[in-house]
Amino acid sequence: MKNYIWDFDGTLYNTYPKMERALKEAIFYYGEKVPDNLLLKMLQTSIRDILNTHYGNKKHEIYAYYQTLEKNYQQHPLLFPHAKEILAFIILEGGQNFIITHRNESAKEILAKDNLLGLFNGIITAEDELKRKPDPESLEFLVEKYQLAKKDSVYIGDRPLDMEFAKNAQLEGIYFDPFDLNLVKEGLKVHSLEELKTIGR
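The numbers attached to residues start from 1 for each chain and follow its sequence in the written order. A pLDDT threshold of at least 70 governs which residues receive local features in this predicted model, and a stricter bar of 80 or more applies before side-chain atom pairs are shown or counted, although totals over entire chains, interfaces and linings include all residues. With hydrogens and water set aside, each side-chain value is computed from the structure's full complement of heavy atoms.

**Details of the packing of helix H3 (residues 47–54) against helix H4 (residues 59–73)**
- Axis geometry follows a simple rule: fit a line to the C-alpha atoms, using only the stretch in contact for helices, then measure angles between N-to-C directions, giving values from 0 to 180 degrees. Strands are runs of DSSP state E lasting at least 2 residues, helices are runs of H or I lasting at least 4, and numbering of each runs from the N terminus. Put simply, H3 and H4 touch, their axes get as near as 9 Å, and they point 145° apart. The way H3 lies across H4 gives a crossing that is right-handed. Contacts between H3 and H4 involve Ile47, Arg48, Leu51 and Asn52 from the first element and Lys59, Ile62, Tyr63 and Tyr66 from the second.
- Gly is put with the polar residues, along with every residue not named as nonpolar or charged; the nonpolar set is Ala, Val, Leu, Ile, Met, Phe, Trp, Tyr, Cys and Pro, and the charged set is Asp, Glu, Lys and Arg. In terms of residue class, the contact of H3 with H4 is made up of five nonpolar, one polar and two charged. In this scheme, a crossing is called left-handed if the near helix is turned counterclockwise away from the far one by less than a right angle; it is called right-handed if the turn is clockwise. Whether two residues touch is decided by their heavy atoms; if any such pair falls within 4.5 Å, the residues are in contact.

**Quick notes on the pairing of strand S2 (residues 96–100)**
- Only protein chains enter the accessibility calculation, which uses a 1.4 Å probe; a residue is then buried when its area is under 20% of its type maximum, exposed when over 50%, and partly exposed in between. With four of its five residues buried, S2 lies for the most part within the structure.
- Strands were regarded as paired on the criterion that DSSP finds at least two bridges between them. Judged from the four bridges that link them, strand S1 (residues 3–6) and S2 form a sheet pairing that is parallel. Bridging from a neighbouring strand, Trp6 pairs with Ile99 of S2.
- The pairing of S2 with strand S3 (residues 122–124) spans three bridges and is classified as parallel. For Ile99, the partnering residue across the bridge sits in S3 and is Ile123.

**A closer look at the pattern of salt bridges**
- A pair is scored as a salt bridge if a Lys or Arg side-chain nitrogen falls within 4 Å of a carboxyl oxygen belonging to Asp or Glu. By the definition in use, this model includes twelve salt bridges.
- Lys133 serves as the salt-bridge partner of Asp162, at 3.0 Å between the closest nitrogen and oxygen. Placement of the pair is Asp162 in helix H8 (residues 160–168) and Lys133 in the loop between S3 and helix H7 (137–145), with a sequence separation of 29 residues. An identical accessibility class is assigned to Asp162 and Lys133; each is buried.

**Things to note about the packing of helix H1 (residues 16–29) against H4**
- With their axes 8 Å apart at the nearest point, H1 and H4 run at an angle of 140° to one another. Comparing the axis directions of H1 and H4 gives the class oblique. Note that H1 runs across H4; the crossing there is right-handed. Here Lys18, Met19, Arg21, Ala22, Leu23, Glu25, Ala26, Ile27 and Tyr29 of H1 come into contact with H4, specifically with Ile62, Tyr65, Tyr66, Leu69, Glu70 and Tyr73.
- Tallied by class, residues from the contact of H1 with H4 come to eleven nonpolar, no polar and four charged. If an angle is under 35 degrees, it is roughly parallel; if it is over 145, roughly antiparallel; if it lies from 65 to 115, roughly perpendicular; otherwise it is oblique.

Note that all results are geometric; they support no functional claim without further evidence.
Structure, rendered in structure tokens:
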């Protein structure tokens, strides 16, 4: 593979514990009950889906407060082990790194703090106002913008939604499962980002 297109949350950065904390607090703040197994639900679907399902009349207020809390809690999110190493390795091998995330420009701010921004050829965020995963619009946009050959490109993510996203764009997907949740049964899977050194070679 030459072109590695990354998800951000849960794939490069282990941000979900603080995202879960922020969402719980936002739900409590508006006097609502937190769903059981919230973190698992976040991984299986998305925060927006959870809010739409459980808090239709308050979803906008909860989401806005969640974003405020989450930004405060994610001042120094932790990279997954081997993340920086594999990003640099891909470049040394003549490859390219890209990101597609539902996160806003805060993704670039986080990368800049860790001196990682220069390891990416392109980043698509919520500010680009493209359709959300699993609609393939943002992935198709990135492929066209940077003239990437799909046969030489792969999308890496940590949720079933990410694998559906890759499939909808007719790209190969790699499921990153660091906590052995086994939420995706088929296709390529890695438990450590270090394993990407041997995939597609």
